[in-house]
Amino acid sequence: MHTDARELDDDSLIEGDICIVGAGAAGITMAMEWLNTSRKVILLEGGGFDYDDRVQELYRGASTGQHYFPLKSTRLHYFGGTTGHWGGFCSILDPIDFTRRTWVNESGWPITQQDVIPFYQRAHAYLDLGPYDYSAAYWQRQNPAFVPLPLDDALVWSKVWRFSPPTRYGTKYRAPLVNAGNIALYTYANLVDIIADESVSAITEVVVKNYAGKTHRVRAGCFVLACSGIQNARLLLAANRQASRGLGNSHDLVGRYFMEHIELKSAELWLTRPGALTFYQLNPVARVELALSAGQQEEHGILNGTASLTPLERARGIKPTIEAWSKDDPRQNRDDLHENHAKAAGSRIARLFRSKGHRAFELATRMEQAPNPSSRVTLDTEKDELGVPRAALHWQLSPLDKRSIRKLYQVIGQAMGAAGIGRVRLMDFLRDENDDSWPSFTGGGWHHIGTTRMSDNPATGVVDRDCRVFGIDNLYVAGSSCYPTAGAANPTLTLVALALRLSDHLKDRFSAGFPPILKGRP
Ligand SMILES: Cc1cc2nc3c(=O)[nH]c(=O)nc-3n(C[C@H](O)[C@H](O)[C@H](O)COP(=O)(O)OP(=O)(O)OC[C@H]3O[C@@H](n4cnc5c(N)ncnc54)[C@H](O)[C@@H]3O)c2cc1C
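We now turn to the structure provided with this report. Just so we're clear, the structure is a prediction, and the values are computed from it rather than from any experiment. (Residues numbered from 1 in each chain as written. Predicted model: local features only at pLDDT ≥ 70, side-chain atom pairs only at ≥ 80, totals over all residues. Heavy atoms only, no water.)

Close to the ligand lie 37 residues; A26, E45, H77, T82 and T492 are nearest. Between the ligand and the protein, one listed contact pairs an oxygen atom with a backbone N or O atom of A25 at 3.0 Å. A distance of 3.2 Å is found between an oxygen atom of the ligand and a backbone nitrogen or oxygen belonging to G88. Summarising the interface, the protein chains cover 96% of the accessible area of the ligand, which totals 1,000 Å² for the free molecule. Sorting the residues of the shell around the ligand by element identifies α1 (25-33), β8 (190-196), α8 (229-238) and α14 (492-511) as the ones contributing at least two each. (Near = heavy atom within 4 Å. Polar contact = N/O pair within 3.5 Å; in protein donor to acceptor, adjacent residues only side chain to side chain. Areas by Shrake-Rupley, 256 points an atom, 1.4 Å probe, with all protein chains shown as cover. Helix = DSSP H or I, 4+ residues; strand = E, 2+ residues; numbered from the N terminus.)

Below is the structure:
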C-alpha cells in the first residue's frame, strides 16, 4: 500500500509493528524481508518516487576540513535512495577488516567476517550480483582470459570485485512493496523528530513532515533508522529535546569517526612488455584489483587498500612509449626495460600478454581511512525547510592514511619487480616520506561510513552488535554508519548484508515476544 503523506489530514496518526525510516538500499532491503508476514511494516520515505529538488535541498550542509563533495549531491533523497545513481561496484570486506589491529586505533568489529558471510550470500540476490564467489580461481574457470598476475601473495593478492547491473532499488522493488498488504509505504514523510519515553529507554513515536505543511505522528513497536551515513547521525543528534546531546549520544560518539574510501590516482605501472591484463579491466561481471596482504598491513603498520589498473592511454589520453618513461624518470632507461623483458620471456606471465596489450597502467587507490574521532558530522546552526538543523561535515584525514597509500604502492612495486612483470612509479605527492599533505585531487567514493559505530561497549560505540542503539530498547540503525572501520571494499554490499542480519534479529526478537504491545503507549 502506498500513501503520499501530503494527501493525509494534518496531524494524522500512523501505527504499525515496525517503522523503517528511509527507503534506500538498507531500508528497502529490510522492508522486503517482511513482505507478506503477519507484521505491519511502515516504510517512511522523505521524498517521492521521482527526484524533487525541494526535497533534495534538505540534504544541503556545510563542509570543512578535507575538501569534499557538496553534501546536497552525495546522496539521493527519494524512493530508492542513492541506488538511483550508484555504480554497482561491490566486494566483500576481508577477514582482517573485522579484527582488532594493534596498529589501527579503535579498530575491531564485535562480529567477524564469518558472521556476515551467510548474509553476503543473500545480499547477492538483492543486488543482482550473480553467484557468490570471490575467488580468482572461480573467475578464471568462467573466462580463460581472466588470468591474475603471478605475484607473491604474501605481498599482494588479487581481490575480486563484482558488478551489480547496477540495481536501482526504486525501480526493482517499488511494485512488490506497493502491492504488499502488510507494507505501508509513505512518501513525502520526512522524519524530523524522534520521541522517547520518560526514561529515554524506548522510542514511542516519530514525527514526520513535508513541505505541504503537514505533520504526522508514527507509532510502532520498533524503529529502524535507515537514512544513510550522514543523515542517520544528523537525525539522532537533532533529536535532542529529551537527551540534550541527542539520542544514543551519552558518550559523545554520534557523528564521530566519519570515514570515506580515499580514492586517489597515485602511481603508474609500466610493464616489461605490453599486456592486456583483461581480468583487471572493467568487465561486465567481475574484475580484480591488487590488494595488500594482511601480513604486509601488519608488518608495516598500515591500513587496508587496493589498487585498480586502467590503461594509461584510456586514463589520460597518453600513448605510452619507452621514450616517455625514460623522459619522465631519468632513473629508468631502455636497458632496464629490455632486461626485465628478457627475464619475463618464457615464464608463465607470457600468457598474460598479448601483442595488442598496453605498456602502462594508471594505478588508482581505494584506501581504508583510519577511524578518527575528529572526522565528524555535527549539527549546523542553519535549519532546513522542515526545521531540522543541517548537517555539518568535517572530513579529516591522518598521516597514517597517507603513509598507507605510499606503502601500498611500494609493496606493489616490490611484488612487480620480483616477478619481472614491470615497475611502479609513484606520483610526486607520494615521494617525500615526510610529506603528510594531500593533493587537491584527493577524493572519496561517495561512501559515508562510521558515524554510528558498532561496538560491544557503550563507551566506544553507538550501536551494539545487533545494530541497536545502546540504552534504547527499540531503536536500530541500518547502513554503513554502523561500521567501526571501513575496509577497502565499497560499502553497499556489506550494508545490505547487515540489513538482512538485522531483519533476522528482529524476527527472532518478535518471536520471543518483543516488542511490548503498542496498547498503553502514550
Ligand atoms: C555517485 C555514487 C556512486 C556510488 N557507487 C557505489 C558503488 O559503486 N558501490 C557501492 O558499494 N556504493 C556506491 N555508492 C554508495 C551507495 O549509493 C550507498 O552506499 C547506498 O546507497 C547507501 O544505502 P542507504 O540505504 O544507507 O542510503 P540511501 O540509499 O541514500 O537511502 C537513504 C534513504 O533515506 C531517505 N531519507 C533520508 N532522510 C530521511 C528522513 N529524514 N525521513 C525519511 N526518509 C529519509 C532518503 O530519501 C533515501 O531514500 C555510490 C554513491 C554515489 C553517490
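Attention now moves to the packing of aromatic side chains. Overall, the coordinates contain 19 aromatic pairs when judged by the stated rule. On the numbers, 6.4 Å between centres and 90 degrees between planes, the contact of Y51 with Y78 is edge-to-face. Here Y51 is found in the loop between β3 (41-44) and α2 (53-56), whereas its partner Y78 is found in the loop between β4 (62-65) and β5 (89-90), with 27 residues between them in sequence. Given the relative accessible area of 17%, Y78 is considered buried. Between Y132 and Y134, the ring centres sit 5.4 Å apart and the planes meet at 65 degrees, which makes this aromatic pair edge-to-face. One aromatic cluster is present, built from ring pairs that chain together Y68, F69, F258, W395 and W446. One residue, R366, lies across the ring of W161, its end atom 4.5 Å from the ring centre. (Phe/Tyr/Trp six-rings, centres within 6.5 Å; stacked < 30°, edge-to-face > 60°. Buried < 20%, exposed > 50% of the residue type's maximum accessible area, 1.4 Å probe, protein only. Lys NZ or Arg CZ within 6 Å of the ring centre and 35° of its normal.)

Within the secondary structure, S250 sits in the loop between α8 and β11 (261-275). Under the relative-accessibility criterion, S250 is labelled exposed at 59%. Measuring from C-alpha to C-alpha, the distance between S250 and F470 comes to 9.3 Å, with 220 residues separating the pair along the chain.

Moving on to the sheet that holds β4. Judged by pairing direction, the sheet is mixed, and its three strands sit side by side in the order β4-β16-β15 without closing on themselves. In the strand order of this sheet, the two ends are held by β4 and β15 (376-383), each with one partner. Strand-to-strand twist across the sheet, computed as the mean angle between neighbouring axes with direction ignored, equals 30 degrees. Where β15 and strand β16 (residues 389-395) come together, five bridges link them in antiparallel fashion. For L379, the partnering residue across the bridge sits in β16 and is A391. Where α8 meets the sheet, it contacts β15 and β16, and its direction lies at approximately 60 degrees from that of β15. (Pairing = 2+ DSSP bridges. Axes fitted to C-alpha atoms, helices over the stretch in contact; angles between N-to-C directions. Contact = heavy atoms within 4.5 Å.)

Quick look at the pattern of salt bridges now. For the coordinates displayed, the defined rule picks out 30 salt bridges. Note that E57 is salt-bridged to R60, the shortest N-O span being 2.6 Å. When its relative accessible area of 33% is taken as the criterion, R60 is described as partly exposed. The salt bridge partner of K172 is D128, with a shortest N-O separation of 2.8 Å. Note that K172 is positioned in helix α6 (residues 169-172) and D128 in the loop between α4 (113-126) and α5 (136-142), a separation of 44 residues in sequence. According to the relative accessible area criterion, K172 is partly exposed, its value standing at 34%. According to the relative accessible area criterion, D128 is partly exposed, its value standing at 33%. Residues joined in a network through salt bridges with shared partners are D53, E57, R60, K72, E382 and R390. (Salt bridge = Lys/Arg side-chain N within 4 Å of Asp/Glu carboxyl O.)

With that settled, consider empty space enclosed by the protein. Within this structure, the stated rule accounts for one cavity of 30 Å³ or more. The space that makes up the largest cavity amounts to roughly 100 Å³. Elements with a contribution of two residues or more to the lining of the largest cavity: α8 and β16. Top contributing element to the lining of the largest cavity by residue count: α8, with three residues. A per-class count over the lining of the largest cavity returns six nonpolar, four polar and four charged. (1 Å grid on protein atoms, 1.4 Å probe; cavity = no way out; pocket = protein on both sides within 12 Å on 5 of 7 lines; lining within 4 Å. Points joined across faces, edges and corners; volume = space filled by probe spheres on them. Nonpolar A, V, L, I, M, F, W, Y, C, P; charged D, E, K, R; others polar.)

Direction vectors running N to C along α1 and α14 enclose 35 degrees, while the axes themselves pass 9 Å from each other. Both α1 and α14 take part in a crossing whose hand is right-handed. Taking contact as the criterion, the partners of A25, A26, T29, M30 and E33 in α1 are, on α14, T492, L495, V496, A499, L500, L502, S503, D504, L506 and K507. (Left-handed = near helix turned anticlockwise from the far one by under 90°.)

Our next topic: unusual backbone geometry. Here the amide bond leading from P165 into P166 is cis, since omega sits at 10 degrees, within 30 degrees of zero. Structurally, P166 is set in the loop between β6 (156-163) and α6. We note that S228 has phi near 90 degrees; this positive angle belongs to a residue other than glycine. Note on placement: S228 falls in the loop between β10 (215-225) and α8.

With respect to the helices and strands, T204 occurs in strand β9 (residues 203-209). C-alpha of T204 to C-alpha of V178: the two residues are 26 residues apart in sequence and 26 Å apart in space.

Between α4 and α14, whose axes approach to 8 Å, the crossing angle comes to 110 degrees. The angle between α4 and α14 falls in the class roughly perpendicular. Counted together, D115, V116, F119, Y120, R122, A123, H124 and Y126 of α4 and L493, T494, V496, A497, L498, L500, R501 and D504 of α14 form the full contact between these two elements. Grouping the constituent residues of the contact of α4 with α14 by class yields 10 nonpolar, two polar and four charged. (Parallel < 35°, antiparallel > 145°, perpendicular 65-115°, else oblique.)

With 151 residues, the main nonpolar core has L44, L290 and Y409 as its most contacted residues. A per-element tally of this core places α14 first, with 10 residues. (Core = buried A, V, L, I, M, F, W, Y, C linked by side-chain atoms within 4.5 Å.)

This paragraph deals with α4. Each turn of an α-helix holds 3.6 residues, which means side chains three or four residues apart point in the same direction. The end-to-end C-alpha separation of α4 is 19 Å, in line with the 20 Å expected for 14 residues at 1.5 Å each. Of the positions making up α4, those classed as buried are Q113, V116, I117, F119, Y120, A123, H124 and Y126. The inward-facing, buried residues of α4 contact α1, α3 (95-98), β6, α6 and α14. Looking one or two places after α4, you find D128, whose phi comes out positive at around 55 degrees. (Expected span 1.5 Å × (residues − 1).)

So, to be careful, I would describe these as geometric facts and stop short of saying anything about function.
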